[in-house]
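Per-entry structural report
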Amino acid sequence: MMGMKAKRKWAAILIAILFLIVCFIMLFPLYYLFLASFKSSKDLFRYGMDFRINLELMSLDNYRLLFSANNGMYLHWYKNSLLIVILYTAGSLFLSSLVGYALGAYRFRGQNFLFILVLVVMMMPLEILMLPLYKLTVQMRIINTYSGVILPFLVSPIAVFFFRQFVTGLNKEFIDAGRIDGCTEFGIFFRIMAPLMAPAFGAMGILLAMQNWNSLVWPLIVLRTNNMFTLPIGLSSLLTPYGNNYDMLIPGSVLATIPIILFFLFNQRAFISGLTSGGIKG
Amino acid sequence: MRYGPNTATDRNSLKKLLYSRKLAPYLFASPFILTFLIFFLYPTFSTIVMSFQELTGLNNAKFIGLDNYKRLFDVHFYNALKTNTLYTLLSILLLIPIPLLFAVLLNLAFVRGKNFFRAAIFLPALTSVIVAGVSFRLMFGELDTALINSLLIKMGLPPQNWSLNYWTGMMLMVILNLWRHAGINMVYYLAGLQTIPEELYESAEIDGAGPVQKFFTITLPLLKPIMIYTVTVAIFEGYRMFGESYVFWNESMPGDIGLTIVRYIYQQAFQRNDLGFGSAIGITLLVIVLAINLAQLKFFGFFKKDSDS
């Protein structure tokens, strides 16, 4: 019979092999996309599954086309995505943290009722509200604007929930100390409590920014003209029944993804706590 | 200045406002209250009303009773409901055990390179469904030269027209979902595994339990709350699915392949301009999601604690 140590060693080797295969499968679609972005779609379909690096068939032509086609429309989409993600994330962090702070740091009438409402919004699939919200944005004349994309979901129930949980765990003596020093209630939040909430801001900032950067359904409904599209909407508009513009679609997809991956590689911990915060139990 | 007496009364009242402990929480919570009223309560009310109306344009409405709901008994809604249900079931069947296996193995002390493996498995979660879909469309292209088809040919199997058959189309959506979400569930399970005390395993070992036994008697029962959570999310996400279908069939769907409930709403409301029927589908979707989730929570004994105590 094999000893414990030998058994462990074999298990470790088998598991390592298994995960090398798994990682190959998980990373392959990204690698494939990256590689394909340097090839013309004609070659891509002619030579098919050739996924070796072959410099002779590769060029930056697709990227040149991406930036020049349609008067640089792609750069417009990129700018729209960046602006929306910055405005939304900053605004949502500010307002959601205020609400979460109110629910976590104070005792007031209607507090439980408000918290239940937050949970109700959290559990409602937004797709059910997309028709009335569309009607509302038309009536409010914010259809096809940044505000139309941002405003309806500016106060994020997940972020409110997360901030509330976080504040509940903080030491309330700081608040009383602030009051004795003569701070206003707003001052206490901005100068004393908000800095203590920095880890929560980090995790939620990443979650909200990523959800927003990749969001599809609502921007697809609100944004009506090409020059207002965000990246996912713009890219999906290149998929048409009359043939797909892969020469732009592939490099466009690569450039839309690289910033998030780089950001992830430098902030793995905050990313993972942000993206899985929905499951944090109180 | 902070304490100095102030003669101007409006300034005094402003000051009182800033220092008021009673008022502050309501002011802080007001952004939620406002957006809740405008962008949640009003739309919810308005979609219920619209579901009983026939709308031509945005402002021309006529009450037609239950007619929109009667129209739900058509083949397209049935197809959409079937697709969502199958998609959800298949997603749960794959998205629970596979990430659980990854998490358990990547939690073993003697495995090397854990951080790299975890990061690599998590990476697809960062992509948008459109970007991921583009890559999958290339790999699962209908030409013989496309990656998966050329592999099939090498193995002596017939190439497939992936997006033009119901089951291969379903497979495309499920695999895309699995690829993008396996990492997130794995991280949930890893977090759950950290909370299981090591002593439990040690005492089981003394009783002579092997790794498989330990998994079924300790790991699995203690991960139950997280598994319930991931199943709930999978149901919720499965029935509201849109992107996984949109990226493969973004204009028309031959024979309702990939037609989901939310895509049916989108189609009826924005392509056919029938907001009333779209609302009725939406309300039905809400009822379905709530009912299934409640049934599931009851099945897992989530409510037992309350009734026992």
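Scoring rules and cut-offs
For every chain, the first residue of the written sequence is number 1, and numbering continues from 1 onward in sequence order. By the order in which they are written, chains take letters starting at A while ligands take numbers starting at 1. In view of the model being predicted, local features appear only for residues whose pLDDT reaches at least 70, and side-chain atom pairs are presented and counted only at 80 or more, with totals across whole chains, interfaces and linings using the full set of residues. We count a stretch as a helix when DSSP gives it H or I for four or more residues in a row; a strand needs E for two or more, and each element gets its number in order from the N terminus. The globule rule used here is 2.2 Å times the number of residues to the 0.38 power, and the radius of gyration it is set against is calculated over C-alpha atoms. Each residue is classed by its C-beta neighbour count within 10 Å, where at least 20 other C-beta atoms makes it buried, 12 or fewer makes it exposed, and intermediate counts make it partly exposed; the C-beta atoms are placed from backbone geometry. Here the contact rule is simple: place C-beta atoms from the backbone, and any two residues whose C-beta atoms are within 7 Å are in contact. Here the limits of each domain have been adopted from an automatic or database domain assignment. Just so you know the grouping, Ala, Val, Leu, Ile, Met, Phe, Trp, Tyr, Cys and Pro go in nonpolar, Asp, Glu, Lys and Arg go in charged, and all remaining residues, Gly too, go in polar. Here the expected span of a helix is defined as 1.5 Å times the quantity of residues minus one. A set of buried residues drawn from Ala, Val, Leu, Ile, Met, Phe, Trp, Tyr and Cys, joined through C-beta atoms within 7 Å, is what defines a nonpolar core. Across the chain, each position has a pLDDT score giving the predictor's confidence in that residue, from 0 to 100. Under this scheme, a helix contributes an axis fitted over its contacting stretch, all axes are lines through C-alpha atoms, and angles between N-to-C directions fall in the 0 to 180 degree range. Any angle that falls under 35 degrees is termed roughly parallel, while one over 145 is termed roughly antiparallel, one within 65 to 115 roughly perpendicular, and all others oblique.

Our next topic: the overall build of chain A. Secondary structure assignment for chain A yields 14 helices and zero strands. Across chain A, helices and strands are ordered from the amino to the carboxyl terminus as α-α-α-α-α-α-α-α-α-α-α-α-α-α. Against the 2.2 N^0.38 benchmark of 19 Å for 282 residues, chain A shows a C-alpha radius of gyration of 24 Å, more extended than a compact globule. The C-alpha extent of chain A, read off along each of the three principal axes, is 75 × 75 × 35 Å. Considering chain A as a whole, with its 282 residues, one finds that 41% of them fall into the buried category. In chain A, the proportion of contacts linking residues at least 24 apart, taken out of those at least 6 apart, comes to 77%.

Take the domain arrangement of chain A next. Residue and element names in this part refer to chain A. Segmentation of chain A into domains returns domain 1 (26-59) and domain 2 (70-279). Placing the centre of domain 1 and that of domain 2 at their C-alpha centroids yields a distance of 34 Å. The interface is formed by seven residues belonging to domain 1 together with six residues belonging to domain 2. For the side of domain 1 that touches domain 2, the secondary-structure elements that each account for two or more residues are α1 (4-36) and α2 (41-47). Broken down by element, the side of domain 1 that touches domain 2 gets its largest block of residues, three residues, from α1. Split into classes, the residues belonging to the side of domain 1 that touches domain 2 amount to four nonpolar, three polar and no charged.

Residues and elements named next belong to chain A. Taking 1.5 Å per residue, 17 residues should reach 24 Å; helix α10 (residues 198-214) reaches 24 Å between its end C-alpha atoms and fits that length. Those residues of α10 that fall on the buried side of the exposure criterion are Ala-200, Ala-203, Met-204, Ile-206, Leu-207, Leu-208, Ala-209, Met-210, Asn-212, Trp-213 and Asn-214. Its buried side turned inward, α10 meets α3 (61-105), α7 (157-168), α12 (231-237), α13 (246-266) and α14 (268-275).

This paragraph deals with the domain arrangement of chain B. One can read the domain layout of chain B as domain 1 (9-50) and domain 2 (71-308). Measuring from the centre of the C-alpha atoms in domain 1 of chain B to the corresponding centre in domain 2 of chain B gives 38 Å.

A separate point is the nonpolar core. Val99(A), Tyr101(A), Phe163(A) and Ile261(B) are the most contacted members of the largest nonpolar core, which has 151 residues in total. If you tally residues by element for this core, the top one is α3(A), at 14 residues. If sequence neighbours within four positions are ignored, Val99(A) has contacts with Val155(A), Val160(A), Phe28(B), Ala29(B), Pro31(B) and Phe32(B).

Reports often express the size of an interface as the amount of accessible area lost when the parts come together. Each side of the interface is counted separately: chain A has 71 residues, and chain B has 78 residues. When residues in the side of chain A that touches chain B are grouped by element, the largest group, 14 residues, is from α1(A).

So, on to unusual backbone geometry. In the Ramachandran plot, Asn70(A) falls in the positive-phi region, its phi being about 55° despite a non-glycine side chain. Position of Asn70(A) relative to the elements: it lies in helix α3. Of note, the phi angle at Asn273(B) is positive, near 65°, even though the residue is not glycine. The class for Asn273(B) is exposed, based on 12 C-beta atoms found within 10 Å.

Bringing the confidence of the model for chain A into the picture now. Interpretation of this model should avoid reading the predicted coordinates in detail wherever pLDDT is low. Across chain A, pLDDT averages 88, with 96% of residues at or above 70. Within chain A, no element has a lower average pLDDT than α2(A), which sits at 76, and none a higher one than helix α6 (residues 146-150) of chain A, at 96.

What follows is about the confidence of the model for chain B. On average, residues of chain B carry a pLDDT of 87, and 93% of them reach 70 or more. In the predicted complex, the global pTM is 0.89; the interface-specific ipTM is 0.89.

Once that is clear, we can look at helix α5 (residues 130-139) of chain A. All names here are of chain A. Buried residues dominate α5, accounting for eight of its 10 residues. Residues Met-130, Leu-131, Pro-132, Leu-133, Tyr-134, Lys-135, Leu-136 and Thr-137 constitute the buried set of α5. Directly beyond the C-terminal end of α5, a positive phi value near 55° is found at Arg-141.

For the rest of this paragraph, the subject is the environment of Phe34(A). For Phe34(A), the position within the fold is in helix α1. Considering only alpha carbons, one finds Phe34(A) and Ile258(A), 224 residues apart in sequence, at a separation of 9.8 Å.

Quick look at the packing of α7(A) against α10(A) now. Residue and element names in this part refer to chain A. The contact between α7 and α10 brings their axes to 10 Å, and the two run at 170°. Judged by the angle between their axes, α7 and α10 are roughly antiparallel. Together, Ala-159, Phe-162, Phe-163 and Phe-166 of α7 and Ala-200, Met-204 and Leu-208 of α10 make up the contact between the two elements. Taken together, the residues of the contact of α7 with α10 break down into seven nonpolar, no polar and no charged.

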